[in-house]
Amino acid sequence: MASSFSQQIVYNKKTMLAVILPHLRKNGMHYEVNIPDYPRFFVAWSPLERYDVTDASLKIPYDLVLAVSDAIEHRNKK
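Keep in mind that what you see is a predicted model, and the values were worked out from it rather than measured.

**Description of the sheet that holds strand E3 (residues 28-34)**
As summarised here, the arrangement of the 5 strands in space is E1-E2-E3-E4-E5, forming an open sheet in which the pairing is antiparallel. Every interior strand has two partners, whereas the edge strands, strand E1 (5-11) and strand E5 (51-53), have only one. Sheet twist, expressed as the mean angle between neighbouring strand axes with direction ignored, is 40°. Here E3 runs beside strand E4 (residues 41-45); their pairing, made up of 4 bridges, is antiparallel. What sits directly across from His30, in E4, is Ala44. Taken strand by strand, helix H1 (residues 62-77) contacts E1, strand E2 (14-25), E3, E4 and E5, and its axis lies near 140° from that of E1.

Here it is as structure tokens:
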């Protein structure tokens, strides 16, 4: 199982810390994302070939989700 990690991401011209924790579930790998001033949310690999929010009822800005997706992809390439 992959370990949790912290990553500085840039959203809306601001740098912020994202703490990302992987969770292996029956339907694949999900990542719990914790960013100050935003609700905790989960992302998983989507048909769009990016990580996307698993709970559509959360109002997480899509550009923030893309920044998190890029951080996870970059981490997984190592």
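Still to come is the rest of the account.
**Some words on the packing of aromatic side chains**
Per the counting criterion, the structure on display carries 3 aromatic pairs. Seen in terms of ring centroids, Tyr11 and Tyr38 are 6.4 Å apart; in terms of plane orientation they differ by 80°. Their pairing is edge-to-face. Of this pair, Tyr11 sits in strand E1 while Tyr38 sits in the loop between E3 and E4; the two residues are 27 residues apart in sequence, bridging distant segments of the chain. Given a relative accessible area of 15%, Tyr11 falls into the buried group. The interplanar angle of 90° and the centroid separation of 5.4 Å between the aromatic rings of Tyr31 and Tyr51 together place this pair among those described as edge-to-face. A residue pair is termed long-range when its members are at least 10 positions apart, and Tyr31 in strand E3 and Tyr51 in strand E5 qualify at 20 residues. Note that Arg25 overlies the ring of Phe42, its terminal NZ or CZ placed 4.7 Å from the centroid.

**Re unusual backbone geometry**
Even without glycine at this site, Asn12 takes up a positive phi of about 55°. Although it is not a glycine, Lys13 adopts a positive phi angle of roughly 65°. By secondary structure assignment, the location of Lys13 is in the loop between E1 and E2.

**A look at the environment of Leu21**
Counting through the fold element by element, Leu21 comes out in strand E2. On the basis of relative accessibility, which here comes to 28%, the residue Leu21 falls in the partly exposed class. Linking Leu21 and Phe5, residues 16 residues apart in sequence, is a C-alpha distance of 6.7 Å. When neighbours within four sequence positions are excluded, Leu21 is seen to be in contact with Ser4, His30, Tyr31, Glu32 and Asn34.

Reading the values: rules and limits
- Residues numbered from 1 in each chain as written.
- Predicted model: local features only at pLDDT ≥ 70, side-chain atom pairs only at ≥ 80, totals over all residues.
- Heavy atoms only, no water.
- Pairing = 2+ DSSP bridges.
- Helix = DSSP H or I, 4+ residues; strand = E, 2+ residues; numbered from the N terminus.
- Axes fitted to C-alpha atoms, helices over the stretch in contact; angles between N-to-C directions.
- Contact = heavy atoms within 4.5 Å.
- Phe/Tyr/Trp six-rings, centres within 6.5 Å; stacked < 30°, edge-to-face > 60°.
- Buried < 20%, exposed > 50% of the residue type's maximum accessible area, 1.4 Å probe, protein only.
- Lys NZ or Arg CZ within 6 Å of the ring centre and 35° of its normal.

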